[in-house]
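Report on the structure
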Amino acid sequence: MNIGIVGSGYVGTTVAACLADFGHEVMTVDVDESTVTALNEGEAPVSEPDLGGLLDRYAGSTLWATTDYDDLVDFGAEVVFLALPTPANEDGSIDTTYVEAGAEALGEVLGDLDGYPTVVVKSTVTPGTTEDVVGPALERTSGLRVAEDFGLAMNPEFLREGSAVADFQNPDKLVFGTSDDGDRALDALEAVYAPILDAQDVPVVRTGLREAELIKYANNAFLAAKVSLINDIGNICKEFGVDAYEVADAIGLDDRISEQFLRSGAGWGGSCFPKDVSAIVAAAREQGYDPELLQAAIDVNDRQPQRMLDLMDQHVDVEGERVAVLGLAFKPHTDDVRNSRAIPIVEGLQERGADIIAYDPNPAAADNMRERFPDVEYLASPSPTLSGAHAVLIVTDWPEFSDLDREFDLMSERVVIDGRRVVDRREGITYEGLTWE
């Protein structure tokens with residue numbers, strides 16, 4: 001199939017590369033010329049394992065990028081995905097500006113596409129957005145009608161940063177939300193994913209547009225709430241001097257709970273959980289329902305970095321002193337610092353007047369954090385970062401950090417606040433786990 005993708009960010013680029021790997025021909029459209037140039041040269045605009053290799057293999061042969069929507073016509077796009085950002089407003093609701101603008105621009109050329117093209121929303125949007133915002137925007141500029149002249153579908157993504165390519169190629173489920181146009185939009189989605197469906201026994205949820213939209217939010221809200229719940233239990237364990245990880249290992253044996261997402265620690269960040277949980281809370285409140293449990297999950301998560309700082313305060317006064325922060329990306333194997341737990345940690349250290357030195361194994365993560373905190377000193381390895389420090393806060397569970405040992409001997413005061421349980425307790429350091437003794 002010939003597949004168009006509007007938006008070449010994290011999701012759009014991953015989807016484009018993986019669909020090319022499935023044997024489709026793919027054209028992405030993005031307003032950023034530097035991104036388009038990078039893609040056409042086979043370079044990934046985002047840091048993600050295995051993505052660069054796919055782009056290098058298919059760029060210029062079965063994958064192209066452009067800034068011009070008209071190119072989709074000559075390309076002969078049969079299905080076009082909208083993979084555009086939906087950033088959060090101040091009240092937590094989503095900003096659909098980019099999605100609506102992309103739909104309007106696509107609508108300008110929609111009537112020139114052959115046959116019955118299908119537009120698929122890949123962006124994470126609250127229930128009603130696809131039919132109440134995207135559909136009308138497409139109709140407004142195309143003069144066409146949904147379910148008569150073109151198909152409209154919703155296909156949420158479940159990609160984790162750091163394993164997005166593997167997640168797309170080996171999904172836990174596929175969700176196909178379609179409008180009332182018979183089976184044509186559904187058939188288009190089935191054709192797009194035929195290489196997966198033919199090779200794997202993947203559960204497929206065939207449902208309506210609003211259900212598909214909400215499934216993504218329910219998925220992330222449930223996982224985020226599970227993390228906050230184990231963190232709350234971990235905080236209780238800390239008060240009783242109980243090993244939270246032994247407790248988690250035991251309850252994880254119950255198949256109603258499972259062992260996944262039971263590692264207590266500094267909490268969740270990134271581009272999905274914080275935005276999605278806040279968005280569904282805001283959307284529910286707009287409908288007149290207050291989701292107190294999900295709000296509590298947000299509150300617990302927001303408190304975890306402060307708990308790390310409080311533990312540090314019990315052992316050392318850092319005013320005017322050197323303090324190390326290990327881990328800036330919100331999770332290992334990425335350069336994404338959006339909603340990283342390191343942000344409130346650094347802010348708290350600044351309020352305490354500390355001299356902050358930071359390190360992340362991904363240099364791009366340090367570059368991204370430097371834009372927000374230009375006064376922090378960013379170093380290239382752990383040893384000089386720890387040298388002379390009065391305390392270190394470990395925020396991200398990079399595997400490299402578990403190998404640290406004698407590097408802590410370089411510290412002036414060997415106070416180690418471990419937010420991810422990646423360091424072994426040993427003599428010679430003052431060790432504090434966030435939710436464990």
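Scroll up for the structure.
None of these values were measured; they are calculated from a predicted model.

Counting residues in hydrophobic clusters, the biggest one holds 53 residues, and the most contacted among them are M312, L349, V392, L393 and F408. Of all the elements in the fold, those that place two or more residues in this core are α11 (244-251), α13 (292-313), β9 (322-326), α14 (342-351), β10 (355-359), α15 (363-372), β12 (391-394) and β13 (415-418). Counting residues per element, this core draws most heavily on α14, at five residues. The contact partners of L349, leaving out residues within four places of it in the chain, are L309, M312, V323, V325, A354, I356 and L393. The next biggest cluster of nonpolar side chains, apart from the first, holds 42 residues, and it includes V6, V109, V227 and V281.

Turning our eyes to something else, we now look at the pattern of salt bridges. One side chain can pair with another of opposite charge once the charged atoms of both are near each other. Tallied over the entire structure, the rule returns 22 salt bridges. Residue D132 is joined to R210 by a salt bridge in which the shortest nitrogen-to-oxygen separation is 3.1 Å. With D132 in helix α6 (residues 129-142) and R210 in helix α10 (residues 209-240), the pair connects residues that are 78 residues apart, well separated along the chain. The class for D132 is partly exposed, based on a relative accessible area of 48%. One salt bridge in this structure joins D367 and R370, with 2.8 Å as the shortest N-O distance. Linking D367 with R370, this pair stays in helix α15, spanning three residues, or about one helical turn.

As a further point, take the packing of α6 against α10. Across the interface, α6 lies against α10 with an axial gap of 8 Å and an inter-helix angle of 110 degrees. Overall, the two elements α6 and α10 adopt an arrangement that is roughly perpendicular. Contacts between α6 and α10 involve T129, T130, E131 and D132 from the former and L209, R210 and E213 from the latter.

The phi dihedral of S258 is positive, around 70 degrees, even though this residue is not glycine. Take S258: it is sitting in the loop between α11 and α12 (273-286). Despite not being glycine, N339 has its phi angle at roughly 55 degrees, a positive value. Within the secondary structure layout, N339 lies in the loop between β9 and α14. With a relative accessible area of 36%, N339 lands in the partly exposed category.

Taken residue by residue, α14 has A342, I343, I345, V346, G348 and L349 as its buried positions. Of the surrounding secondary structure, the elements contacted by the buried residues of α14 are α13, β9, β10, α15 and β12. Note on α14: the residue one or two positions beyond its end, G353, has a positive phi of about 75 degrees.

Rules used throughout
- Residues numbered from 1 in each chain as written.
- Predicted model: local features only at pLDDT ≥ 70, side-chain atom pairs only at ≥ 80, totals over all residues.
- Heavy atoms only, no water.
- Core = buried A, V, L, I, M, F, W, Y, C linked by side-chain atoms within 4.5 Å.
- Buried < 20%, exposed > 50% of the residue type's maximum accessible area, 1.4 Å probe, protein only.
- Helix = DSSP H or I, 4+ residues; strand = E, 2+ residues; numbered from the N terminus.
- Contact = heavy atoms within 4.5 Å.
- Salt bridge = Lys/Arg side-chain N within 4 Å of Asp/Glu carboxyl O.
- Axes fitted to C-alpha atoms, helices over the stretch in contact; angles between N-to-C directions.
- Parallel < 35°, antiparallel > 145°, perpendicular 65-115°, else oblique.

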